Each structure stands twice: as structure tokens, then as C-alpha cells.
Amino acid sequence: MNCIATSSPTINWLTEVLVPLASAFIGGIIALIGVGITLYRDRKVRDAEKAEIARPFFCPIDYGDSRIIPSNSHVFLFSFVGTTDYHDCLQHVQGNFINSNKAEFIIEKITVGNHCYFPLRPEMIEKGMAFMIKFNYKENLTANPVIMHIMDANYQKRMYQFILESDKVVRLVELENIPLEKEN
């Protein structure tokens, strides 16, 4: 009988098994961290895009603008807290606006100094809607800014300051990074 002698190869456990497994493990962890960073950044970009899509874009328009027609224009009256009366004989601020076809929003209130004026009938300002805002005031408007508080489609609160000329709104300035007061 013929015997064939074979030699069994010796396995170097450190260089042939442990080092490749440790390298694969470390590479996998680094890859997972990279995927996590990518997902986090993508989520931030999507959230920023979503917020930008919901950001209202509306502007004051002249009182003789042809886009203001009785069937298309909506009037929103605001009253001081504790009263529901609106009187045309009192001093009032008036502004004609048109909303873009971009987003809808709700006007929550208008503040002048320490006074809050709430809409008599809160409604959604729809896309493309022409609307008018009127409110009586008791304050000195030169000493106190007139701020309109709105809520956009993402339930984010935004504030716009009215720039007035002869009690008419001629321009809006969006106020950013101003803490909102807590509502009860």
C-alpha cells in the first residue's frame, strides 16, 4: 500500500482571521456612521424645503388695484380683547393684501404695544385670495409697532410688522428669531 503524506497548513489566527474580522467590523461601523450622517442631513434638507414651501408669501396692494373685486375680496375685522365691537367712526388701520398661489395661512392676531386684536371670524387665507384687514386702535402707532401674527400650513408661527403711511399698510417686514410669548 502506498501512503501519501500530507501536511496540514498551520493557520496564523492573528493575521489570517482576527485582523480581517476586526477590519471588517471597523469598516462596517464607519459605513453605518456615514449612512447616519447622510440620513440626518437629508432630513434637515427635507424639513427646510417643507418649511419653505409652507412659508406664506403675501403682499400689500394698492387700494385701486384691479385684483380687488367684491366677489374675490374678503374683509377681516379685528377687535381689541374683551370687545367685539368694530366701529368705522374710530381710528383704524386698513390694509389690502393678496396672497400668492404658494401657501395658505391663518391670521391669529395683531398686536400693538400690549394690546392684542383678534379676528372677529378666524379663517384660512387661501391661495390667490385678495383680502383686507381693518382694525380699530387705541394706541399711538408711531410709538408702537403693529405686528401681525400668523400660522402657516406647518403650524409654525410667523410675525410680520406693518409699515404704515396715513393708517394704510404699504409694506410688510417679516420678523425672525423673536421669541413668541406663551399663550395661556
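Model, not experiment: these values are computed from the prediction.

S.K.: Please set out the overall build of the chain residue by residue, giving values where relevant.
M.R.: Along the chain, the regular secondary structure elements total one helix and 10 strands. Taking all 184 residues of the chain together, the buried fraction comes to 29%. Taking as baseline every contact in the chain between residues at least 6 positions apart, the subset at least 24 positions apart corresponds to 71%. For the chain, the accessible surface area stands at approximately 12600 Å², while carbon and sulfur atoms represent 58% of it.

S.K.: Explain the packing of aromatic side chains to me, using residue names and the numbers behind them.
M.R.: Applying the stated criterion across every chain yields a total of seven aromatic pairs. Aromatic pair phenylalanine 58 and phenylalanine 131: ring centres 6.4 Å apart, planes at 50°, arrangement tilted. With a gap of 73 residues between them, phenylalanine 58 in strand β1 (residues 58-60) and phenylalanine 131 in strand β7 (residues 130-136) connect regions that are remote in the sequence. With a relative accessible area of 7%, phenylalanine 58 lands in the buried category. The exposure class of phenylalanine 131 is buried, given its relative accessible area of 1%. Here the aromatic rings of phenylalanine 97 and phenylalanine 131 are separated by 5.4 Å at their centres, their planes lie at 20°, and the arrangement is stacked. Taken as a pair, phenylalanine 97 in strand β3 (residues 92-99) and phenylalanine 131 in strand β7 lie far apart in primary sequence, 34 residues in all. Pair check on accessibility: phenylalanine 97 and phenylalanine 131 agree, each one buried.

S.K.: Before we move on, could you go through helix α1 (residues 13-54) and cite the residues and values that matter?
M.R.: Relative to the 62 Å expected for 42 residues at 1.5 Å per residue, α1 spans 60 Å between its end C-alpha atoms, a close match to the ideal helical length. A bend of about 30° at valine 19 is the largest found in α1, and the proline proline 20 appears one to four places after it.

S.K.: Lay out the environment of glycine 113 in plain terms, naming residues and giving numbers.
M.R.: Within the element layout of this structure, glycine 113 appears in the loop between β4 (105-112) and β5 (115-119). We classify glycine 113 as partly exposed; its relative accessible area is 39%. Distance from glycine 113 to valine 146, taken between C-alpha atoms, is 7.6 Å for residues 33 residues apart in sequence. Those residues in contact with glycine 113 that lie beyond four places of it in its chain are Asn144 and Pro145.

S.K.: Can you explain the pairing of strand β10 (residues 168-175)? Please cite residues and give values.
M.R.: In this structure, strand β9 (residues 157-165) lies alongside β10, joined through seven bridges in antiparallel fashion. Note that in β10 the partner of tyrosine 160 across the bridge is glutamate 174. Between β9 and the antiparallel strand that follows it, β10, lie two residues; serine 166 among them carries a positive phi value of about 55°.

S.K.: Lay out the nonpolar core in plain terms, naming residues and giving numbers.
M.R.: Residues Phe58, Phe131, Ile133, Phe135 and Phe162 are the most contacted members of the largest nonpolar core, which totals 23 residues. For this core, the secondary-structure elements that each account for two or more residues are β3, β4, β7, β8 (146-152), β9 and β10. Here this core takes four residues from β4, the largest share from any one element.

S.K.: I'd like a description of unusual backbone geometry, backed by residues and values.
M.R.: Outside of glycine, negative phi angles account for most residues, and trans bonds account for most peptide bonds. Positive phi, close to 60°, is recorded for tyrosine 155, a residue that is not glycine. Among the secondary structure elements, tyrosine 155 is positioned in the loop between β8 and β9. Residue class for tyrosine 155 comes out exposed when judged on its relative accessible area of 67%.

S.K.: I'd like a rundown of the environment of proline 122, residues and numbers included.
M.R.: For proline 122, the position within the fold is in the loop between β5 and β6 (124-125). The spatial distance from the C-alpha of proline 122 to the C-alpha of isoleucine 107 is 7.0 Å, given a sequence separation of 15 residues.

Calculation rules
- Residues numbered from 1 in each chain as written.
- Predicted model: local features only at pLDDT ≥ 70, side-chain atom pairs only at ≥ 80, totals over all residues.
- Heavy atoms only, no water.
- Helix = DSSP H or I, 4+ residues; strand = E, 2+ residues; numbered from the N terminus.
- Buried < 20%, exposed > 50% of the residue type's maximum accessible area, 1.4 Å probe, protein only.
- Contact = heavy atoms within 4.5 Å.
- Areas by Shrake-Rupley, 256 points an atom, 1.4 Å probe, with all protein chains shown as cover.
- Phe/Tyr/Trp six-rings, centres within 6.5 Å; stacked < 30°, edge-to-face > 60°.
- Expected span 1.5 Å × (residues − 1).
- Bend = angle between axes of the 7 residues up to and from the residue.
- Pairing = 2+ DSSP bridges.
- Core = buried A, V, L, I, M, F, W, Y, C linked by side-chain atoms within 4.5 Å.

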